[in-house]
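Chain and residue survey
Residue-level listing of the chains:
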Protein chains: 2
Amino acid sequence: MTDDLKFLNLAAELSRRGMENLTGGPFGAVIVKEAKVIGEGWNEVTSDFDPTAHGEVNAIRHACKALKTYSLQGATIYSSCEPCPMCLGAIYWARLDRLVFANTRHDAAAIGFDDDWIYLEVPKPLADRILPTFHMPNEAAKAVFTEWMSLPKKTPY
Amino acid sequence: MTDDLKFLNLAAELSRRGMENLTGGPFGAVIVKEAKVIGEGWNEVTSDFDPTAHGEVNAIRHACKALKTYSLQGATIYSSCEPCPMCLGAIYWARLDRLVFANTRHDAAAIGFDDDWIYLEVPKPLADRILPTFHMPNEAAKAVFTEWMSLPKKTPY
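To start, this report covers the structure provided alongside it. In this text, all values refer to a predicted model and were calculated from it rather than measured experimentally.

Right, let's get into the overall build of chain A. Scanning chain A for helices and strands turns up 6 helices and 5 strands. Its helices and strands in sequence order give chain A the pattern α-β-β-α-β-α-β-α-α-β-α, from N to C terminus. Counting only C-alpha atoms, chain A reaches 55 × 40 × 25 Å along its principal axes. Long-range contacts, defined here as pairs at least 24 residues apart, represent 48% of the contacts in chain A between residues at least 6 apart. When the accessible surface of chain A is split by element, carbon and sulfur atoms take 56% of a total near 6500 Å².

With that settled, consider the relation of the copies chain A and chain B. Applying a rotation about an axis and a shift along it to one chain copy brings it onto the other copy. Expressed as a screw transformation, the operator carrying chain A onto chain B has a rotation angle of 180° and an axial translation of 0.0 Å, and the superposed copies differ by an RMSD of 0.0 Å. This pairing of chains is accounted for by a two-fold axis. Using C-alpha coordinates, one finds that chain A approaches the rotation axis most closely at A:M86, a distance of 2.0 Å. Residue by residue, 100% of the interface of chain A is reproduced at the interface of chain B, so both copies engage with the same surface.

Residue and element names in this part refer to chain A. Taken as a whole and assessed by the stated rule, the structure comprises 22 salt bridges over all chains. With its nearest N and O atoms 3.0 Å apart, the salt bridge here joins E82 to R105. With E82 in the loop between β3 (76–81) and α3 (85–93) and R105 in helix α4 (residues 105–110), the pair connects residues that are 23 residues apart, well separated along the chain. Comparing E82 with R105 shows no difference in burial state: the two are buried. Two residues, E121 and K124, come together in a salt bridge whose shortest N-O distance is 2.7 Å.

Taken residue by residue, the interface counts 91 residues in chain A and 91 residues in chain B. Between chain A and chain B, the buried area comes to about 8200 Å², and carbon and sulfur atoms account for 70% of it. A per-residue breakdown of the area chain A buries against chain B is headed by A:Y92, A:W93 and A:F145, which together make up 11% of the total. Where chain A touches chain B, the interface holds 8 salt bridges. Residues A:D50 and B:R61 are paired through a salt bridge, measuring 3.8 Å at the closest nitrogen-oxygen approach. Inspection of the region where chain A meets chain B yields 24 residue pairs in polar contact (both at pLDDT 80 or more). The element that contributes the greatest number of residues to the side of chain A that touches chain B is helix α6 (residues 139–149) of chain A, accounting for 9 residues. Taken together, the residues of the side of chain A that touches chain B sort by class into 54 nonpolar, 17 polar and 20 charged.

The rules behind the values
Residues numbered from 1 in each chain as written. Chains lettered and ligands numbered in written order. Predicted model: local features only at pLDDT ≥ 70, side-chain atom pairs only at ≥ 80, totals over all residues. Heavy atoms only, no water. Helix = DSSP H or I, 4+ residues; strand = E, 2+ residues; numbered from the N terminus. Contact = heavy atoms within 4.5 Å. Areas by Shrake-Rupley, 256 points an atom, 1.4 Å probe, with all protein chains shown as cover. Least-squares fit on C-alpha atoms with pLDDT ≥ 70 in both. Salt bridge = Lys/Arg side-chain N within 4 Å of Asp/Glu carboxyl O. Buried < 20%, exposed > 50% of the residue type's maximum accessible area, 1.4 Å probe, protein only. Buried area = accessible area lost by both parts, 1.4 Å probe. Polar contact = N/O pair within 3.5 Å; in protein donor to acceptor, adjacent residues only side chain to side chain. Nonpolar A, V, L, I, M, F, W, Y, C, P; charged D, E, K, R; others polar.

Put into structure tokens, the structure is as follows:
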């Protein structure tokens, strides 16, 4: 069995764990670096009262906390399902090297978890989005950005 | 002062708090329902070892935990800066009604927080993304989806 198959099976096992414990939707993810599991996650949206607690986001949070880092460079994320745009964004921010997934967004839609519409929303101009969105330039917010530039002690990421 | 200006000023104040306490980038967000603040957040990526701990995601988590819900329907999110795709996805999953933001993604890029490239990645076909991505259909993952459909006790969201 290849490592990819082994770790994808583990992601599937975690998706089953979430489903059986009724923590949320049937989604699991695992993060692997140098052939070692460094983070596991499954969907906990409903049990944890957290709409961001998807399998991939949870796996990223757990791996980063465990390693005291906010970069997972050099690691692969295995997900039982194609990540939604939120999770894909999280994967980019976590600097993961590689993504392997099993079920597709269309498989997810077929069991009641449609996120294709969010994929369609993200690239739209603000005015065309379903979400009513207002850009209101604000002096206080702008001033913080200006100060950030000259802040002596800061951690870029 | 309008409510929008008042709450956007608060989001800016939270972005300053994060910056001054060196918890992460200079970003803050607040969630408001029926003219009451129900959640606050600021960027804690570096202090919390969590690449998903953006201001908006944190505000959503806090509001949902406080109200023991995973839906913020009827609420508005105010952010000191235009949300990145991860946060925009979180806003859709949280079912927020409205988004008001101050600084733009281009203002953010100018102080070292470029997320426009992630906006460009999300709508791309898998094979065209910077992130090496592999779709590997998996029997165990598929079986969990099939079982989900006939699961008697489940919480749709």
